[in-house]
Amino acid sequence: MSAHSSNAERSAEIDRCLTLISPSQPDESKFVGMLLLPRLLNHDQVDLVQHVFDGMNFKFIERLLRTSAVHSETGQVPEPVLREIAINVLASFARYESMASSKVMSDRIPALSTVLKANDESDGTKEALHILLCVSVTKEGLVRMLDPDVIKNVFELVVDTRNDQEQQLGLQLLQSTYTRACHMLNEKSIASLESALKYSLQTLFTALSKILANNQDKLKFEALTMLSSVLPGVPSEQIMRKFKDDSGEDKVSRWLQDLRSGLRQILSSKLDVKYRDQSMVVIACLLNYFGPDWLFSSLRQTKSERRKSEKKPAGTLDDPDVKFPVLLIHLVAVETRVMLDDIHERRMNLHNGEAVEVDLGRETRQETMVPVCFEILENAIQYLSANYSEDQESGMDADVLLKIRTVLTDTMNIVMELLKFVQDTTSNEEELEDDLIAQASMRIVAVYLAEEGYELE
């Protein structure tokens with residue numbers, strides 16, 4: 001009886017609070033009601049929470065989030081208090097999927113993003129990020145979350161904060177938003193979400209390219225991880241093509257220059273294979289979306305760079321950016337040969353009935369990274385074929401070209417050895433069509449043989 005009485009009293013108190021926050025009431029009453037409601041809610045009583053949600057004055061919540069301070073009869077209510085009141089109320093609803101996914105909650109996303117404060121001494125910013133994570137799951141929530149101003153606000157927090165929890169939650173929110181949006185669009189076309197994704201990419205590229213080029217801390221690698229996840233997931237080349245056209249040549253050029261600088265810094269260092277793989281995934285995607293010039297055009301400066309270096313004092317370092325394509329081709333070729341040798345040996349042992357150690361992680365990586373490496377090598381082959389001719393000055397140094405050709409030839413020999421073995425030991429065409437490594441190998445061999453000046457000797 002006492003428990004029932006207690007619940008009834010709580011329910012009556014909640015109804016009084018809902019009356020206090022109704023639009024017709026003065027701000028003073030609304031403040032009192034909003035302060036009391038989160039304390040009265042028992043999160044196990046979903047029906048009661050739903051009752052409060054249905055009676056909530058969300059327009060006043062919006063005011064609390066967007067107002068710097070409010071004057072009441074008892075004095076000025078400062079912005080941190082207003083923010084805390086709004087966040088506490090929204091947090092009470094965000095834990096329930098049916099409420100978090102509603103339009104009235106997704107409509108609060110832009111305002112919530114404005115209250116994010118780097119190095120927040122309270123838990124307000126972390127709580128707001130948790131709310132945003134819960135709310136940005138539906139189409140409507142993702143469209144709101146992909147607003148360039150919202151993305152910019154989250155990135156500013158991620159860059160400015162020294163609080164690891166704030167930074168990680170901000171990164172998780174950005175990663176989750178793009179992953180969900182791309183997954184949803186890969187399943188079906190949604191015009192509003194496609195448009196939101198396209199317009200948000202300018203803000204994303206601006207932020208990530210700057211971080212990758214300029215930061216020398218863990219945030220640099222977080223940016224790399226995000227790029228390597230987002231770029232392959234973009235649902236159609238059409239979105240990237242529209243994004244590229246709308247952005248303009250100057251902006252795209254600056255982004256690619258910064259991305260190239262950051263990727264060169266990472267690949268020039270001895271780092272974990274994870275970051276090397278991620279860098280190659282990003283490069284392959286950028287080549288696919290933006291063509292090869294941003295990456296390989298510095299090969300045209302290798303002849304003049306060699307002449308400059310001959311005149312420099314001993315011990316003077318060459319410009320690392322000019323020879324970055326050479327470094328990249330070498331790294332990709334070596335990685336390709338190591339993976340193909342391992343694949344060839346494993347398949348040969350299987351064919352001969354010998355014991356083979358099962359390593360699903362390694363095999364999955366190879367199925368992902370071999371096509372990525374081939375994409376980079378194909379672009380290198382095609383760029384050299386289109387831009388180098390013995391009859392015309394290309395600006396490319398002969399020694400550099402010889403090194404590249406030697407590396408490509410050695411790699412292609414290994415590709416063709418594996419391809420011949422696969423073709424000799426595969427019993428039917430259907431099995432060959434399902435073999436991702438074989439299909440990727442056939443493609444790069446076709447490109448290699450088709451390009452003038454790269455025929456097999």
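Nothing here was measured: the structure is a model prediction, and the numbers come from that model.

Reading guide: rules and limits
- Residues numbered from 1 in each chain as written.
- Predicted model: local features only at pLDDT ≥ 70, side-chain atom pairs only at ≥ 80, totals over all residues.
- Heavy atoms only, no water.
- Helix = DSSP H or I, 4+ residues; strand = E, 2+ residues; numbered from the N terminus.
- Rg over C-alpha atoms; globule rule 2.2 N^0.38 Å.
- Buried < 20%, exposed > 50% of the residue type's maximum accessible area, 1.4 Å probe, protein only.
- Contact = heavy atoms within 4.5 Å.
- Core = buried A, V, L, I, M, F, W, Y, C linked by side-chain atoms within 4.5 Å.
- pLDDT = per-residue confidence, 0-100.
- Arc of directions from axis to C-beta.
- Phe/Tyr/Trp six-rings, centres within 6.5 Å; stacked < 30°, edge-to-face > 60°.
- Patch = residues over 30% accessible without salt bridge, like charges linked within 9 Å, V, L, I, M, F, W, Y side chains within 5 Å.
- Areas by Shrake-Rupley, 256 points an atom, 1.4 Å probe, with all protein chains shown as cover.
- Salt bridge = Lys/Arg side-chain N within 4 Å of Asp/Glu carboxyl O.

Looking at the overall build of the chain
At step 1: A count of helices and strands for the chain gives 24 helices and 2 strands.
At step 2: In terms of overall size, the chain is more extended than a compact globule, its C-alpha atoms giving a radius of gyration of 29 Å where 457 residues would be expected to give roughly 23 Å.
At step 3: Taken along the three principal axes of its C-alpha coordinates, the chain extends 90 × 60 × 40 Å.
At step 4: Across the 457 residues in the chain, those meeting the buried criterion constitute 48%.
At step 5: Restricting the contact set of the chain to residue pairs at least 6 apart, pairs at least 24 apart contribute 74%.

Regarding the nonpolar core
At step 1: Met56, Phe93, Ile283, Leu286 and Phe290 are the most contacted members of the largest nonpolar core, which totals 144 residues.
At step 2: Tallying contributions element by element places helix α22 (residues 398-425) first for this core, with 12 residues.

What to know about unusual backbone geometry
At step 1: Non-glycine residue Asn119 carries a positive phi angle of around 55 degrees.
At step 2: Tracing the chain through its elements places Asn119 in the loop between α8 (109-114) and α9 (124-135).

A closer look at the confidence of the model for the chain
At step 1: Looking at the chain, pLDDT values average 88 and 92% of them are 70 or higher.
At step 2: This stretch, residues 453-457, has a pLDDT under 50; its non-local contacts, to residues over four places away or in other chains, come to 13 contacts.

Some details on helix α15 (residues 237-247)
At step 1: Of all the positions in α15, only Ile239, Met240, Phe243 and Ser247 are classed as buried. Taken down its axis, α15 places every buried residue within 95 degrees of arc, on the same side.
At step 2: Elements that come into contact with the buried residues of α15 comprise α12 (164-187), α13 (191-214), α16 (249-267) and α17 (273-290).
At step 3: In the segment just after α15, Gly248 is the residue with positive phi, at about 90 degrees.

Examining helix α3 (residues 46-54)
At step 1: Turning to α3, its buried residues are Leu48, Val49, Val52 and Phe53. Angular distribution of buried residues about the axis of α3 spans 145 degrees; they occupy a single face of the element. Among the exposed residues of α3, those pointing more than 90 degrees away from its buried face are Asp47 and Asp54.

A short note on the side chain of Glu378
At step 1: Within the fold, Glu378 resides in helix α21 (residues 360-387).
At step 2: Residues in contact with Glu378, not counting those within four places in the same chain, are Arg443, Ile444 and Val447.

Overview of the packing of aromatic side chains
At step 1: Taken as a whole, this structure holds 10 aromatic pairs when the rule is applied.
At step 2: Judged by centre distance (5.7 Å) and plane angle (55 degrees), the rings of Phe31 and Phe60 are tilted. With Phe31 in helix α2 (residues 27-40) and Phe60 in helix α4 (residues 58-66), the pair connects residues that are 29 residues apart, well separated along the chain.
At step 3: A network of ring pairs unites the aromatic residues Phe205, Phe243, Trp255 and Phe290 as a single cluster.

A look at a nonpolar patch on the surface
At step 1: A contiguous nonpolar patch, built from Val32, Leu35 and Leu36 and spanning about 200 Å² of accessible area, is present on the exposed surface.
At step 2: Of note, Leu35 is situated in helix α2.

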